[in-house]
Amino acid sequence: MKEYLLLIRENIDNYGKMTPEEMQQDIANHMKWVEQLIENGNFKGGNPLMPDGKHIKGKSKIVTDGPYIETKEGISGYYFLLAESLEAVTEIAKGCPSLAMGGTIELREVMQMPE
Amino acid sequence: MSQKGVENLTAHLFRENSGKMVAVLLRHYGVTHLDTIMDVVQDAFEAALLKWRFSGLPENPSAWLMKVAKNKAFNAIQRENKSTTFLEEHFTSNSNYSIYENFSDFEGDELSDSQLRLLFLCCHPKLSPQNQIISTLYILCGFGIPEIANALLMKEEAAKKALSRSKNLFKESGNLLLKDNFHPSPDQIDMVNTITYLMFNEGYKTTRSPQSIDHDLCFEAIRLTKLILNLNDENKSESQALLALMFFNLSRFESRFDEKEIPLTLEEQNRDKWNNIFIEEGFSYLKESTSSEKVTRYHVEACIASLHAAAPSFTETPWPQIAALYSTLENISAPNPLIELNRIIAQSYFLPFNLIIEKLDSIYSDNDERLQFLLSTSKGDIYKRNKKYKLAAAAFQQALNVANSPTDFRFVQKKIEECMKAD
């Protein structure tokens with residue numbers, strides 16, 4: 001099994017427009033998805049990220065609140081997944097409920113360093 | 001990954017907690033902070049959404065949400081009040097109300113008290129019944145604007161506007177939420193009962209497809225009526241009768257539609273599908289409600305509903321008794337063609353049919369399309385029962401002209417087909 005980093009990028013503002021019932025449904029969808037990953041042995045770990053952060057750029061080290069000014073779009077969380085190949089993990093990632101909310105997913109294989 | 005999985009996420013947990021959190025926070029901070037508190041509660045849900053979907057549920061989700069909302073409210077309102085000393089004054093004057101000490105105790109009297117105060121605020125006498133329902137559903141019951149608009153058959157924009165006007169009125173209306181003693185008058189209780197009654201009817205009526213949130217509306221109406229129940233002895237029997245009525249009606253909820261989502265008449269419903277637990281609940285409240293001398297419209301309506309619930313089959317329905325109860329209802333209510341219509345329908349099962357048609361024709365329907373619809377379908381049904389299929393089909397055809405929902409439309413079309421087949 002290889003290890004992959006899955007980054008979820010989404011517009012946090014979208015959640016402000018959801019009703020309590022819809023938000024609860026979204027949580028349920030995510031939990032079901034993660035439970036499925038665990039059951040299939042694809043889950044290694046993951047964490048949500050706080051919506052606010054800092055963005056530091058270049059030699060001049062200019063600090064801003066984020067790369068995007070107009071929206072609260074950003075990385076909302078990450079998972080480490082286990083899968084046989086990039087193709088296999090891509091299929092798995094298609095099940096991520098954030099996609100239905102208009103989110104974007106980035107997948108990267110974690111390079112295994114020799115001991 | 002946490003120990004608690006998705007199966008522990010109680011249905012409607014967010015929606016139910018929304019109203020409770022708003023009620024408790026408003027009780028503490030006062031209605032001038034209504035918008036802030038609604039935002040804070042929404043923020044708490046967002047925080048839960050971002051965290052729980054990775055980490056699973058916390059041990060006590062309701063307490064977790066309340067704690068987050070409490071912290072956010074404290075910070076937000078402190079920011080708002082930076083220039084004033086409001087907070088400190090407020091805390092010292094409310095020292096008996098220990099919002100900061102124990103939030104895990106999120107049930108019990110204090111919670112009911114907060115919710116009751118908020119309910120009475122939402123049912124502000126200056127608002128129309130429709131707007132009282134909108135405010136109650138949004139602020140106290142945690143429904144979203146799209147859900148409310150759908151339930152009340154109105155545009156989202158209109159619901160939003162009505163809500164913002166109501167909120168402004170609440171903010172001006174002073175400190176009902178902060179008063180030490182909260183004793184609503186019998187008239188106020190009476191009005192709130194009317195609102196829960198209307199809310200229930202909104203959820204119960206069959207004019208739209210059964211897959212919306214109707215069921216939840218009915219349950220919320222019952223929950224709120226139960227909150228009012230013990231407020232004072234004078235109104236108790238009235239609330240009990242209302243609950244009896246709600247439970248009798250709720251017992252038929254699942255059998256009101258066929259598999260094509262066409263509404264079924266009482267005669268067509270499969271009585272085996274009626275929910276016996278709700279019927280028993282109805283009888284138990286009805287019995288309690290008769291311990292007082294007072295007879296309200298809810299008592300009479302609950303009695304009528306109980307006779308239907310107790311009849312083993314449609315043919316065994318005690319129509320003369322039901323007709324007499326409708327007459328009683330006419331005597332104690334303002335003139336209402338709907339009650340009259342229902343009385344005539346009950347009479348149609350034991351009085352000569354020409355007389356019944358005459359009585360129906362004498363009801364003045366003015367420009368009320370809903371009433372015209374009900375009159376025409378009732379006439380159609382009475383003709384059909386008396387095997388006058390051509391006249392029945394014609395009456396149903398008239399109903400079709402004023403049908404204003406897809407379910408009404410399908411219902412009448414089915415009736416016309418039945419008439420044509422039988423003729």
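Since we're looking at a predicted model, the values are computed, not measured. (Residues numbered from 1 in each chain as written. Chains lettered and ligands numbered in written order. Predicted model: local features only at pLDDT ≥ 70, side-chain atom pairs only at ≥ 80, totals over all residues.)

Asker: Would you mind going over the overall build of chain B in detail, with residue names and values included?
Answerer: Of the regular secondary structure elements, chain B holds 19 helices and zero strands. Across the 423 residues that make up chain B, the buried fraction comes to 39%. Considering only residue pairs separated by 6 or more positions, chain B has 65% of its internal contacts joining residues 24 or more positions apart. (Helix = DSSP H or I, 4+ residues; strand = E, 2+ residues; numbered from the N terminus. Buried ≥ 20, exposed ≤ 12 C-beta atoms within 10 Å, placed from the backbone. Contact = placed C-beta atoms within 7 Å.)

Asker: Describe in detail the overall build of chain A, supporting the description with residues and values.
Answerer: When its secondary structure is counted, chain A shows three helices and six strands. Secondary structure elements in chain A, listed N-terminal to C-terminal, are β-α-α-β-β-β-β-α-β. C-alpha atoms of chain A, sized along the principal axes, occupy 45 × 40 × 20 Å. Within the span of chain A, comprising 115 residues, buried residues form 24% of the whole. A separation of at least 24 residues holds for 77% of the contacts in chain A among residues at least 6 apart in sequence.

Asker: Tell me what's going on with unusual backbone geometry, and back it up with residues and numbers.
Answerer: Backbone geometry places K61 of chain A, a non-glycine residue, at a positive phi of 55°. With respect to the helices and strands, the residue K61 of chain A is situated in the loop between β3 (55-57) and β4 (62-64). At K387 of chain B, a position not held by glycine, the phi torsion is positive, near 65°. By the secondary structure assignment, K387 of chain B is in the loop between α17 (369-385) and α18 (389-402). For K387 of chain B, a count of 10 C-beta atoms within 10 Å gives the class exposed.

Asker: Describe the interface of chain B and chain A, naming the residues involved and giving the relevant values.
Answerer: On the side of chain A, 20 residues touch chain B, which itself brings 25 residues to the contact. Those elements giving two or more residues to the side of chain B that touches chain A turn out to be α1 (13-29), α2 (34-55) and α7 (145-151) of chain B. If one sorts the elements of the side of chain B that touches chain A by residue count, α2 of chain B sits on top with ten residues. Looking at the side of chain B that touches chain A residue by residue, the class counts come to 13 nonpolar, seven polar and five charged. (Nonpolar A, V, L, I, M, F, W, Y, C, P; charged D, E, K, R; others polar.)

Asker: Tell me about the pairing of strand β1 (residues 2-11) of chain A, and name the residues and values.
Answerer: All names here are of chain A. Two strands pair when backbone bridges link them, and β1 and strand β5 (residues 73-83) are joined in this way by ten bridges, in the antiparallel orientation. Opposite L6, over in β5, you have Y79 as the bridge partner. Relative to strand β6 (residues 104-109), β1 is paired through six bridges, and the arrangement is antiparallel. Within β6, the residue paired with L6 across the bridge is L107. (Pairing = 2+ DSSP bridges.)

Asker: Pulling in residues and values, what's your account of the sheet that holds strand β2 (residues 43-48) of chain A?
Answerer: Strand order in the open sheet formed by four strands is β2-β5-β1-β6 (chain A), and the pairing between neighbours is antiparallel. Looking at the sheet topology across the chains shown, the edges are occupied by β2 and β6 of chain A. Direction aside, the axes of adjacent strands within the sheet are offset by 20° on average. Taken strand by strand, α2 of chain B contacts β2 and β5 of chain A, and its axis lies near 165° from that of β2 of chain A. (Axes fitted to C-alpha atoms, helices over the stretch in contact; angles between N-to-C directions.)

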